[in-house]
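Structure assessment
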Amino acid sequence: MSNEQPKQDKRSSLQKRKFYRMDFYRTGNPCDFQITNDPSSLEPGHLSDFAGPTPRVTFNPRRRRPRDCELWYSFWLISDRAKTVFEAVDPEAFSFVVCDVHVPNGVWDGPRYWFCDVRRSLDALDEERSRLTIGICNDPIYRDFGQKYYDFFGDVELVFKDELVGDAHAFRMAYARQCVIFDQAMKDAWKAAGLRGMLFEEVSYLPLIASGRI
């Protein structure tokens with residue numbers, strides 16, 4: 001027994017922590033909704049700065065009901081169930097704004113919905129071990145003019161420094177702020193709750209990923 005336990009511990013210590021880029025379904029019947037008092041003019045990571053009236057979400061009753069997470073510009077429209085999971089796994093990573101849900105000529109009988117934002121940003125990419133394009137923005141039309149940026153074209157591999165990620169389970173990439181990363185714990189919690197609407201793309205191989213620029 002004394003010889004077996006150290007071997008098991010050594011194997012565990014060599015296991016890599018898995019990370020996933022978040023994406024959304026591209027096929028199927030679309031969800032149709034309109035937003036009043038829209039927070040989408042805010043930059044990614046800054047939903048907590050929203051100071052307007054409560055956003056009003058009007059769903060089209062002839063289309064499918066929204067999933068637990070729907071993309072809305074840089075932010076997400078999420079269900080109560082999704083909010084519960086996010087808060088349980090990593091409460092410091094997210095900002096939420098409650099929505100007033102309506103359906104034309106009727107009463108909404110579904111769950112509450114929220115706008116959600118990943119507010120944590122980490123500079124945790126191991127650039128030497130990753131495969132992607134790294135550049136300096138020289139176009140003044142971009143917000144990151146004069147700064148470093150990551151571009152994701154072709155086959156991309158992202159490797160993160162676990163010591164810099166620490167106990168975070170969700171974060172935006174500092175130089176590709178549209179790119180949200182979850183770890184295995186967040187994926188497991190999402191799946192265990194039976195939630196729908198998100199795709200988890202393992203970052204060790206991301207073919208034909210869209211650009212990370214904003």
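Just so it is clear, the structure is predicted and the values come from calculations on it, not from any experiment. (Residues numbered from 1 in each chain as written. Predicted model: local features only at pLDDT ≥ 70, side-chain atom pairs only at ≥ 80, totals over all residues. Heavy atoms only, no water.)

It is worth spelling out the sheet that holds strand β2 (residues 33-36) at this point. Strand order in the open sheet formed by three strands is β2-β3-β7, and the pairing between neighbours is mixed. Each end of this open sheet is capped by a strand with a single partner; those strands are β2 and β7 (100-102). With direction set aside, neighbouring strand axes in the sheet form an average angle of 20°. Inspection of the sheet shows β2 paired to strand β3 (residues 56-59) by four bridges, in the antiparallel sense. Residue I35 lies in a different strand from β3, and its bridge partner there is V57. (Pairing = 2+ DSSP bridges. Helix = DSSP H or I, 4+ residues; strand = E, 2+ residues; numbered from the N terminus. Axes fitted to C-alpha atoms, helices over the stretch in contact; angles between N-to-C directions.)

For helix α4 (residues 184-192), the N-terminal capping position is held by D183, with its side-chain oxygen 3.2 Å away from the main-chain nitrogen of A185. In the segment just after α4, G194 is the residue with positive phi, at about 70°. (Polar contact = N/O pair within 3.5 Å; in protein donor to acceptor, adjacent residues only side chain to side chain.)

Glancing now at the packing of aromatic side chains. Inspection of every chain in the model, using the stated rule, returns 21 aromatic pairs. Taken together, the ring pairs connect Y20, F24, W76, F86, F94, F96, F182, W190 and F200 into an aromatic cluster. Its end group placed over the ring of W114, K83 keeps NZ or CZ at 4.3 Å from the ring centre. Taking the ring centre of Y175 as reference, the NZ or CZ of K148 above it sits at 4.5 Å. (Phe/Tyr/Trp six-rings, centres within 6.5 Å; stacked < 30°, edge-to-face > 60°. Lys NZ or Arg CZ within 6 Å of the ring centre and 35° of its normal.)

Ranked by size, the top nonpolar core spans 22 residues in total, and within it W76, I78, F86, F94, F182, W190 and M198 carry the most contacts. Only β1 (19-24), β5 (75-79), α2 (80-89), β8 (113-118), β13 (176-183), α4 and β14 (198-202) provide two or more residues apiece to this core. The contacts of I78, once residues within four sequence positions are left out, are D68, C69, K83, F86, F96, R112, Y113, W114 and C116. Core analysis: the second largest hydrophobic core is formed by 19 residues, L125, L132, V156 and F171 among them. (Core = buried A, V, L, I, M, F, W, Y, C linked by side-chain atoms within 4.5 Å. Buried < 20%, exposed > 50% of the residue type's maximum accessible area, 1.4 Å probe, protein only. Contact = heavy atoms within 4.5 Å.)

Okay, the pattern of salt bridges next. If you walk through the whole model with that rule in mind, you get 15 salt bridges. With its nearest N and O atoms 2.2 Å apart, the salt bridge here joins D109 to R65. Of the two residues, D109 is situated in the loop between β7 and β8 and R65 in the loop between β3 and β4 (69-72); the sequence distance between them amounts to 44 residues. Given the relative accessible area of 59%, D109 is considered exposed. You can call R65 partly exposed: its relative accessible area is 47%. E87 is the partner of K83 in a salt bridge, and the nearest nitrogen-oxygen pair spans 3.0 Å. (Salt bridge = Lys/Arg side-chain N within 4 Å of Asp/Glu carboxyl O.)

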